[in-house]
Amino acid sequence: MKIGNSFSNPLKCLMGIMILMSCFTLLIACGDTGESSAGSEPDSSAIPLSLDLDLPDSITGGSLPANGDQPLFRAVGAGTGGACAFMGADGDDPFRNGYEMTKFMVSAVATWTCFTDTLIELAETVVHDDRIHATDNDIRRPDYDPDDPTHYWISDDSATQTTIRFYYGYDREVPPQREDAPQFFLSWLRSNADGLQGRLVIDGTGVNAAARNPDDPIWMRMDFNYGTTDKFVDTFMRFDAGNPWADGFRLQLTKDLSAGPLEQVFTALGLIAMKAQFLTAQGIEEVPDVHMFTVSDDFGNGAALAEYRQLALPLELNAGTDNHLGNYLFDKRDIYFFEADMDWDWVSKSIHTAVYRGGRTTPADGGTWIPFDPSLDMIAAELDLGFDYFTGELCAETDDDCLALLTAVFSDGFAGQEPNQGSDPLDWRSDALANATSLESVYPNGIDWEGAFEMVFAPTDP
């Protein structure tokens, strides 16, 4: 048994946004200046802008090759020539520990910053005439692709601020008007040679709505503010009622430009607003909280902390024989120290509370290890729980305390769980986790989604 077999759904949700963003290769073909002569040419002498955070592979999972067979990433490359695609979490279980959760979420931010870089770079080659133009993606042609924009609009809102808007599904005979909301919005401001701030907003329901999966995100927003001392990115993702377990994600990522390369250079704070359990477990209706805190040095050595509160764990041992150890509600603190090569340095999962919520069918005795179909007496002996465990008040009846069992499951690696291993290296990472902070809300205003995805950007004072 492996926790999180159904966790592939959130990964597919992020893929939906990444597919959406892969469609902007058409902008390259939009440089037809024949109908754009009223605009002024971009200043080619300007210092190139970039959102590239130079993230280490250990917190993105590493880049996917630009020429690889990645149908989910039909992406243009960034200025470096690489694809806007990252490995992210390993396999279909991005929440099996705090480190995989980190790669799952940070890889999405890396993708968005990469695409934003691409669009900023391409905008330097297209006239900014403040007019709506048709792309080569004609809705009346047989090769029309609903994943690609049909119209675009680039404007200079000031001497230092530029805005790009994309529209989808419009006929050339009835083009979008200026008052129509675009499905894609990117606006950025250069405050000085080193300063860059802006916002990216994507309407996930407006791009190829007919093919949209109800699990997919409906809105995404990324705010960025780069200065002389740090680079800061704040991302928000909203799901609708079609997603069975999540209302939204948020990830804040900071790069400290004043830190030494072997110090805390990168800090990531993550939060998932849940509306149901990841895994359905009979007898458990509570809604979990999921928080994340990650640090890394410039080379990719770091630590990830994930805190899961009121999380459901169904422990099915053998489906063929209906051997189920029961359903549990628990709080877990998951620490994972990782190295630049993505190997573990220290794994420590601690269970704070654990309660049995019924559903146990495991026989009292007569089980076998091979095939894996153990009985309660065998499990109690293997995990050193005592011969009388699973009897009396020892994790036997609904609502009994099962802290000893869940602690042993995660410490020992029982039933496919990743075991605790290594020891605290007592370096800067330990100090960072001791002072970890957490996000309070997934919402930009701290209360709800009201106004979160308005396609406007008003720069703050540089």
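Residues numbered from 1 in each chain as written. Predicted model: local features only at pLDDT ≥ 70, side-chain atom pairs only at ≥ 80, totals over all residues. Heavy atoms only, no water.

Asker: Is there a simple way to explain the overall build of the protein in this structure?
Answerer: The helix and strand inventory of the protein stands at six helices and 14 strands. Looking at the 462 residues of the protein, the share that counts as buried comes to 53%. Expressed as a percentage of contacts within the protein between residues at least 6 apart in sequence, the contacts between residues at least 24 apart total 62%. Just so you have it, the protein exposes about 19600 Å², and 48% of that area is on carbon and sulfur atoms. (Helix = DSSP H or I, 4+ residues; strand = E, 2+ residues; numbered from the N terminus. Buried < 20%, exposed > 50% of the residue type's maximum accessible area, 1.4 Å probe, protein only. Contact = heavy atoms within 4.5 Å. Areas by Shrake-Rupley, 256 points an atom, 1.4 Å probe, with all protein chains shown as cover.)

Asker: What is the right way to look at the state of the cysteines in this model?
Answerer: Note: disulfide means a covalent bond formed between the sulfur atoms of two cysteine side chains. Tallied over the entire structure, the rule returns two disulfides. Each sulfur of the disulfide joining Cys84 and Cys114 lies 2.1 Å from the other. An S-S torsion of about -75 degrees defines the bridge between Cys84 and Cys114 as left-handed. Of this pair, Cys84 sits in the loop between helix H2 (57–60) and helix H3 (98–123) while Cys114 is found in helix H3, placing the two residues 30 residues apart along the sequence. (Disulfide = S-S within 2.5 Å.)

Asker: So what exactly am I meant to see when it comes to the nonpolar core here?
Answerer: In terms of nonpolar packing, the biggest core is built from 87 residues, with Ile272, Phe390 and Leu405 touching the most fellow members. In terms of residue count, H3 provides more of this core than any other element does, 12 residues in total. (Core = buried A, V, L, I, M, F, W, Y, C linked by side-chain atoms within 4.5 Å.)

Asker: Sorry, what's going on with the packing of aromatic side chains here?
Answerer: Two aromatic rings, taken as a pair, are described by how far apart their centres are and by the angle between their planes. Summed over all chains, the structure comprises 20 aromatic pairs. Centroid distance Trp245 to Phe249: 6.0 Å. Interplanar angle 40 degrees. Geometry classified as tilted. A single burial state applies to Trp245 and to Phe249, both of which are buried. Through successive ring pairs, a cluster of aromatic residues spans Phe104, Phe239, Trp245, Phe249 and Phe278. (Phe/Tyr/Trp six-rings, centres within 6.5 Å; stacked < 30°, edge-to-face > 60°.)

Asker: Would you mind showing me how to read unusual backbone geometry here?
Answerer: Leave glycine aside and you will find that most residues have negative phi; peptide bonds, for their part, are mostly trans. Of note, the bond from Ile370 into Pro371 is cis; its omega dihedral lies within 30 degrees of zero at 0 degrees. In this fold, Pro371 is placed in the loop between strand S13 (344–356) and helix H4 (376–382). Of note, Asp130 is a non-glycine position whose phi angle comes to about 60 degrees, a positive value. With respect to the helices, strands and loops of the structure, Asp130 is situated in the loop between H3 and strand S1 (132–134). What makes Asp130 partly exposed here is its relative accessible area of 33%. Of note, the phi angle at Met342 is positive, near 75 degrees, even though the residue is not glycine.

Asker: So what exactly am I meant to see when it comes to the pairing of strand S3 (residues 161–167) here?
Answerer: For a regular strand, side chains alternate in direction, first toward one face of the sheet and then toward the other. Counting buried positions along S3 gives seven out of seven residues, so the element sits mostly inside the fold. Across the two faces of S3 the burial is the same, with Gln161, Thr163, Arg165 and Tyr167 and Thr162, Ile164 and Phe166 all buried. Note: strand S2 (residues 151–156) against S3, six bridges, orientation antiparallel. Residue pairing across strands places Ser155 opposite Thr163, the latter belonging to S3. Where S2 hands over to S3, the hairpin turn is made up of four residues, counted between the paired strands. Pairing geometry for S3 and strand S4 (residues 184–190), over six bridges, is antiparallel. Along S4, the bridge assignment pairs Thr162 with Trp188. (Pairing = 2+ DSSP bridges.)

Asker: Is there a simple way to think about the pattern of salt bridges in this case?
Answerer: Two side chains carrying opposite charge are able to pair once their charged atoms lie near each other. Taken as a whole and judged by the stated rule, the model has 19 salt bridges. For Glu307, the salt bridge goes to Arg309, with nearest N and O atoms at 3.3 Å. Lys332 is the salt-bridge partner of Asp334, the closest N and O atoms lying 3.5 Å from each other. Its relative accessible area of 5% is what places Lys332 among the buried residues. Salt bridges here are not isolated pairs; linked through shared partners, they connect Asp90, Arg96, Glu100 and Lys103. (Salt bridge = Lys/Arg side-chain N within 4 Å of Asp/Glu carboxyl O.)

Asker: Would you mind going over the side chain of Thr235 with me for this structure?
Answerer: Among the structural elements, Thr235 can be located in strand S7 (residues 230–239). For Thr235, a relative accessible area of 4% gives the class buried. For Thr235, the contacting residues outside a window of four places in its chain are Val109, Trp112, Arg221, Met222, Phe249, Arg250 and Leu251.

Asker: Just checking my understanding: could you explain the side chain of Asp117 for this structure?
Answerer: Of note, Asp117 is situated in helix H3. Buried and unpaired, Asp117 has Lys231 as its nearest opposite-charge partner, separated by 8.3 Å. Discounting residues that sit within four places of it in the chain, Asp117 has contacts with Leu49, Ser50, Leu51 and Asp52. (Lys, Arg positive; Asp, Glu negative; His and termini not counted.)

Asker: How do you make sense of helix H5 (residues 403–412) when you look at a structure like this?
Answerer: Given 3.6 residues per helical turn, the α-helix brings residues three or four places apart onto the same face. Burial in H5 covers these residues: Leu405, Leu406, Ala408, Val409 and Phe410. Of the residues flanking the end of H5, it is Gly413, one or two places downstream, whose phi is positive at about 85 degrees.

Asker: Where do I start with the confidence of the model for the protein in this structure?
Answerer: Detailed conclusions should not be drawn from predicted coordinates in areas where pLDDT is low. Looking at the protein as a whole, its pLDDT mean stands at 85, while 85% of the residues score no less than 70. Contacts for the low-pLDDT stretch residues 1–45, under 50 throughout, to residues beyond four places or in other chains number 113 contacts. Ignoring residues within four places in sequence, the model shows residues 68–81, a span with pLDDT below 50, making 33 contacts including any to other chains. (pLDDT = per-residue confidence, 0-100.)

Asker: I keep staring at the environment of Asp117 and nothing clicks. Help me out?
Answerer: The class of Asp117 is buried, set by a relative accessible area of 9%. For the pair Asp117 and Leu51, spaced 66 residues apart in sequence, the C-alpha separation works out to 5.9 Å.

Asker: What's the story with the pairing of S13 in this structure? I'm lost.
Answerer: Here strand S12 (residues 323–338) pairs with S13 via 11 bridges, running antiparallel. Across the sheet, residue Asp334 finds its bridge partner in S13, namely Lys349. The hairpin turn running from S12 into S13, its antiparallel successor, is five residues long, and Met342 in that turn takes a positive phi close to 75 degrees.

Asker: Can you help me understand H3 in this one?
Answerer: Between the first and last C-alpha of H3 there are 38 Å, a value that for 26 residues agrees with the 38 Å anticipated at 1.5 Å per step. In terms of residue burial, H3 counts as a mostly covered element, since 25 of its 26 residues are buried. N-cap assignment for H3: the residue whose side-chain oxygen lies 2.9 Å from the backbone N of Tyr99 is Asn97. (Expected span 1.5 Å × (residues − 1). Polar contact = N/O pair within 3.5 Å; in protein donor to acceptor, adjacent residues only side chain to side chain.)

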